[in-house]
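# Inside the fold
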Amino acid sequence: MSKLKEYLQDPFLQRLYSEIREAGPLRSISVDLTHDCNLRCTGCYFFEEGMDSIDVPIEKDFDDFIEREKSRGTNFVTIVGGEPSLVIHRIKKIYDNFKTNVATNGLIKIPFEGLENLPIGISIWGKRETDSALRGNGKQDLFGKALENYRNDPRAFWYYTVAPGYVSEIEEVVKTCIENGNSVLFNYYSDLTNSGGDLNHERGFQEVKKEIDRMIERYPGKILMTPFFNEVIADGNLLGEKWGYDVCTNLSTNYSGNSERLENGSPFNPHFRAYNADFKSTRRCCTGIDRDCDSCFDTWEHFSWVLVNTKKHLNSLENFTNWLTTMYLFYYINRMVGKGRPILAEIQQYLNERRLVGSVQ
Ligand code: SF4
Ligand code: SF4
């Protein structure tokens, strides 16, 4: 019996695996839907790397882009930016043609009608005062506005970026988001403007990791993380492999600067391209042009790292379980599995019972 068949004797794992199979494999890309944003957050990679200087497209360029990607077989589009809610008609066109998710700052509500199953990740960087200071010059209550826009919206989850010095805020923020009727996915702050102090990612995320683990335990079913996945990102370690450009899996495969990496033998997502807002050119990766990879703690990129490394996780039931639950989490966040069921709480309980609270090797 193959290892996979052996592991899938477990009915719970079989159930997760079948749901993913039914949803089907993903051929994914990312796209900046616009150059514009109604904010200028401290350390935003988009403006730090001058990605707003790309040519402004006309609408036909966008329609052509959709047709090209459909013919290429793309079936999943991560919408980033700029601020996508400034071009809702483009979100709708992507939604009508692909599976998708969108990242927004939450200031403009993305309408429900016609976009009922759109996964919406709303950025938040801390409690109201912190978030306002880092993203709104201390003048706007961005968090309050986004809470109002997405109260009890089943599509919405908070994409909460935590810096090393802001651990003490985590519980208050999480509680506020959950009381608003939403769930929470964590991200880890990169200090791209060298602000230092509490924002300095070089301090490491060990305290952040501990607090996120506590939140997973405290709010089962509401935190879109597992302890394993939390550890992978915070430690930059996947079964002994160290995170970085050489193993990064979400790289534009048509971008000449990546050719050496793509030939180094480490697995990668063969379909992936990160499109700029001209809808034609691509860049090295979704989160940067020539950004230092040591500053990259992006949750979505780490999802891909785990997901693409299937084989690595087949050597033990523990590793397979960690891989499968991370895969399921990704599909769940993107509203492709587990609809209307408290499956996340069941997963947390399953992992707890097996004491799968960290990376196994
Ligand atoms: S809302 Fe997003 S795109 Fe706009 S400045 Fe902030 S991080 Fe950058
Ligand atoms: S910045 Fe992150 S996603 Fe981009 S190439 Fe480096 S490690 Fe990969």
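Here we summarise the structure given alongside this text.

So, how was this worked out
Residues numbered from 1 in each chain as written. Chains lettered and ligands numbered in written order. Predicted model: local features only at pLDDT ≥ 70, side-chain atom pairs only at ≥ 80, totals over all residues. Heavy atoms only, no water. Core = buried A, V, L, I, M, F, W, Y, C linked by side-chain atoms within 4.5 Å. Buried < 20%, exposed > 50% of the residue type's maximum accessible area, 1.4 Å probe, protein only. Helix = DSSP H or I, 4+ residues; strand = E, 2+ residues; numbered from the N terminus. Contact = heavy atoms within 4.5 Å. Near = heavy atom within 4 Å. Nonpolar A, V, L, I, M, F, W, Y, C, P; charged D, E, K, R; others polar. Expected span 1.5 Å × (residues − 1). Arc of directions from axis to C-beta. Phe/Tyr/Trp six-rings, centres within 6.5 Å; stacked < 30°, edge-to-face > 60°. Lys NZ or Arg CZ within 6 Å of the ring centre and 35° of its normal. Pairing = 2+ DSSP bridges. Right-handed = clockwise from strand over helix to strand, strands pointing away. Axes fitted to C-alpha atoms, helices over the stretch in contact; angles between N-to-C directions. Parallel < 35°, antiparallel > 145°, perpendicular 65-115°, else oblique. Left-handed = near helix turned anticlockwise from the far one by under 90°.

Further remarks concern the nonpolar core. Residues Phe186 and Met225 are the most contacted members of the largest nonpolar core, which totals 95 residues. With nine residues, helix H13 (residues 317–333) is the single largest residue contributor to this core. Filtering out sequence-adjacent residues up to four positions away, phenylalanine 186 remains in contact with Tyr159, Tyr160, Val162, Ile170, Val174, Ile212, Met215, Ile223, Met225 and Thr299. One finds Cys41, Trp125, Leu142 and Tyr189 within the second-largest nonpolar core, a separate group that totals ten residues.

Lining the immediate surroundings of ligand 2 are Trp243, Tyr245, Cys248, Leu251, Arg284, Cys285, Thr287, Cys293, Cys296 and Glu301. Looking at the shell around ligand 2 residue by residue, the class counts come to seven nonpolar, one polar and two charged.

Further remarks concern helix H2 (residues 11–23). Between its first and last C-alpha, H2 extends 18 Å over 13 residues, near the 18 Å set by a 1.5 Å rise per residue. Residues Phe12, Leu13, Leu16, Tyr17, Glu19, Ile20 and Ala23 constitute the buried set of H2. Here the buried residues of H2 occupy an arc of 160° about the axis, which is enough to place them on one side. Looking at H2, the residues exposed on the side facing more than 90 degrees away from the buried face are Pro11, Arg21 and Glu22. Buried residues belonging to H2 abut helix H1 (3–7), strand S3 (99–104), H13 and helix H14 (343–353).

Attention now goes to the packing of aromatic side chains. If you walk through the whole model with that rule in mind, you get 21 aromatic pairs. Put simply, the rings of Phe76, Phe157, Tyr159, Phe229, Trp300, Phe303, Phe330 and Tyr331 touch in pairs and so form one group of aromatic residues. Over the aromatic face of phenylalanine 62 sits the side chain of arginine 90, whose NZ or CZ is 5.6 Å from the ring centroid. The ring of tyrosine 150 carries lysine 109 above its face, with NZ or CZ at 5.3 Å from the centroid.

Residues in contact with ligand 1, as listed here, are Cys37, Leu39, Arg40, Cys41, Cys44, Phe47, Gly82 and Asn105. The residue makeup of the shell around ligand 1, split by class, is five nonpolar, two polar and one charged.

The subject of this paragraph is the pairing of strand S2 (residues 76–80). Burial analysis of S2 places five of its five residues in the buried class, the great majority of the element. Relative to S3, S2 runs parallel, the two being bridged by four bridges. When the sheet's bridge partners are listed, isoleucine 79 is paired in S3 with valine 102. The handedness of the S2 to S3 crossover, carried by helix H5 (residues 88–97), is right-handed.

For the pair helix H9 (residues 206–218) and helix H10 (residues 227–235), the least separation of the axes is 10 Å and the interaxial angle reads 170°. Judged on the interaxial angle alone, H10 and H9 are roughly antiparallel. Between H9 and H10 the crossing geometry is right-handed. Two secondary-structure elements touch here, H9 through Gln206, Lys209, Ile212, Asp213 and Ile216 and H10 through Pro227, Asn230, Glu231, Ala234 and Asp235. Among the residues making up the contact of H9 with H10, the classes are represented as four nonpolar, two polar and four charged.

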